[in-house]
Amino acid sequence: MKIAIIGAAGQAGSNILRESIMREYDTTAVVRNQATLKENVQTLEKDLFDLTTADIDVFDCIVNAFAPKSGEEHLYVDAGKHLVSILQPTKTRLIDIGSSGCLFTNKDKIVRLLDSEDYPAQLTATAQYQLQHLQHLQQSTITWTFICPARMFDAEGPRTGHYITGYDYLLKNSQLNSYISHADFAVAVIDEVENAKHLNEAFTIASENTTSAS
């Protein structure tokens, strides 16, 4: 399987890249500057907005871990529209890394996390534009998956290789924590690349082991 990872030098993207390489997939990092990569891997040095159908048609799956700078969160929507446009003529799957703010707060599906009173203000714009992107995906004709992390997304947490899955509402474990490490999130992403269990839907993951979060 041939996998391309957009934003492979970022926090989430670098973990996904490392997991894909460890599993010996034919992996390409899509970055604007090859020098930002820590891994020795095939590289497509190109801005996301300059990617063409010819660039991505050779891949079985594209993982989009693009993360714009603070103040430029609207680019989540613009980037999503561009990817949908160039993917339409292909059979390449898109796996998008979403925001926990897109999730509903519970199974009633009335309030999204981004609208709750205690959701961090600095994350609201990202969640709002990611939600717009998700809604655009839902109206598209491409094959996609939208994966949201748990509420606490820990860059320093361990890789356990274990996680639990939910759908479009906030997932908590038996300790009532909503937590996932970047490393275990990457495990779940590559598992989805392998198994394609959530085609054309959003889902979320969390860790039953929350030592780092407690």
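To be clear, the structure that these remarks concern was listed above.
The numbering scheme is per chain: residues are counted from 1 as the chain's sequence reads. For a predicted model such as this one, the threshold for reporting local features is a pLDDT of at least 70, and the threshold for listing and counting side-chain atom pairs is 80 or more; totals across whole chains, interfaces and linings nevertheless cover every residue. Water and hydrogen atoms were dropped before computing side-chain values, which therefore reflect all heavy atoms in the structure.

Chemist: So, the pairing of strand β1 (residues 2-6): which residues are in play, and what are the values?
Modeler: Within a regular strand, side chains alternate between the sheet's two faces. The buried fraction of β1 amounts to four of the five residues, a majority that puts the element mostly inside the structure. Inspection of the sheet shows β1 paired to strand β2 (residues 26-31) by five bridges, in the parallel sense. Considered in β2, the bridge of isoleucine 6 is made with valine 30. The handedness rule is simple: strands pointing away from the viewer, and a clockwise path from the first strand over the helix to the second, make the crossover right-handed. Secondary structure follows DSSP: runs of H or I at least 4 residues long count as helices, runs of E at least 2 residues long count as strands, and numbering of each begins at the N terminus. Handedness of the crossover is the feature at issue here: the chain leaves β1, passes through helix α1 (residues 11-22), returns alongside β2, and the resulting connection is right-handed. A pair of strands is treated as paired once DSSP finds two or more bridges between them. Pairing of β1 with strand β4 (residues 61-64) involves four bridges; the strand directions are parallel. Bridge pairing in β4 places isoleucine 5 opposite valine 63. Accessibility here uses a 1.4 Å probe with only protein chains present; expressed as a share of the type maximum, an area under 20% marks a residue as buried, one over 50% as exposed, and anything in between as partly exposed.

Chemist: Give a description of the sheet that holds strand β10 (residues 201-206) that names residues and reports values.
Modeler: Strand order in the open sheet made by the eight strands is β3-β2-β1-β4-β5-β6-β10-β8, with mixed pairing throughout. What marks the edges here is a single partner per strand, and that holds for β3 (42-45) and β8 (164-166). The mean inter-strand angle of the sheet, taken between neighbouring strand axes irrespective of direction, is 25°. Pairing of β2 with β3, which is carried by four bridges, proceeds in the parallel orientation. Along β3, the bridge assignment pairs alanine 29 with threonine 43. Its contacts with the sheet place helix α4 (residues 121-138) against β5 (93-97), β6 (144-148) and β10, and it is angled at close to 155° to β6. Note on geometry: axes are C-alpha line fits, over the in-contact stretch for helices, and angles between N-to-C directions span 0 to 180 degrees. For this analysis, residues touch if any pair of their heavy atoms sits within 4.5 Å.

Chemist: Mind laying out the state of the cysteines, listing which residues take part and the relevant values?
Modeler: Note that a disulfide, as used here, is simply two cysteine sulfur atoms within 2.5 Å. Under the counting rule described, the total for this entry stands at zero disulfides. Left without a disulfide partner, cysteine 61 is nearest to the cysteine sulfur of cysteine 148, which lies 16 Å away. Using a relative accessible area of 0% as the deciding quantity, one classes cysteine 61 as buried. Cysteine 102 takes part in no disulfide bond, and the closest cysteine sulfur, belonging to cysteine 148, lies 5.0 Å away.

Chemist: How would you sum up the packing of aromatic side chains? Please name residues and give values.
Modeler: Only the six-membered ring of Trp is used, alongside the rings of Phe and Tyr, when aromatic pairs are assigned; centres must lie within 6.5 Å, and planes under 30 degrees apart are stacked while those over 60 apart are edge-to-face, with the rest tilted. Across all of its chains, the model carries three aromatic pairs by this definition. Ring geometry for phenylalanine 66 and tyrosine 76: centres 6.2 Å apart, planes at 70°, overall edge-to-face. Here the residue phenylalanine 66 occupies a position in the loop between β4 and α3 (75-87), and tyrosine 76 occupies one in helix α3, the gap between them amounting to 10 residues. By relative accessible area, tyrosine 76 is classed as buried at 11%. Between the aromatic rings of phenylalanine 153 and phenylalanine 185, the centroid separation amounts to 5.0 Å while the plane-to-plane angle is 65°, which identifies the pairing as edge-to-face. Of this pair, phenylalanine 153 sits in strand β7 (residues 152-154) while phenylalanine 185 sits in helix α5 (residues 182-195), and the two are 32 residues apart along the sequence.

Keep in mind these numbers describe shape, not what the thing actually does.
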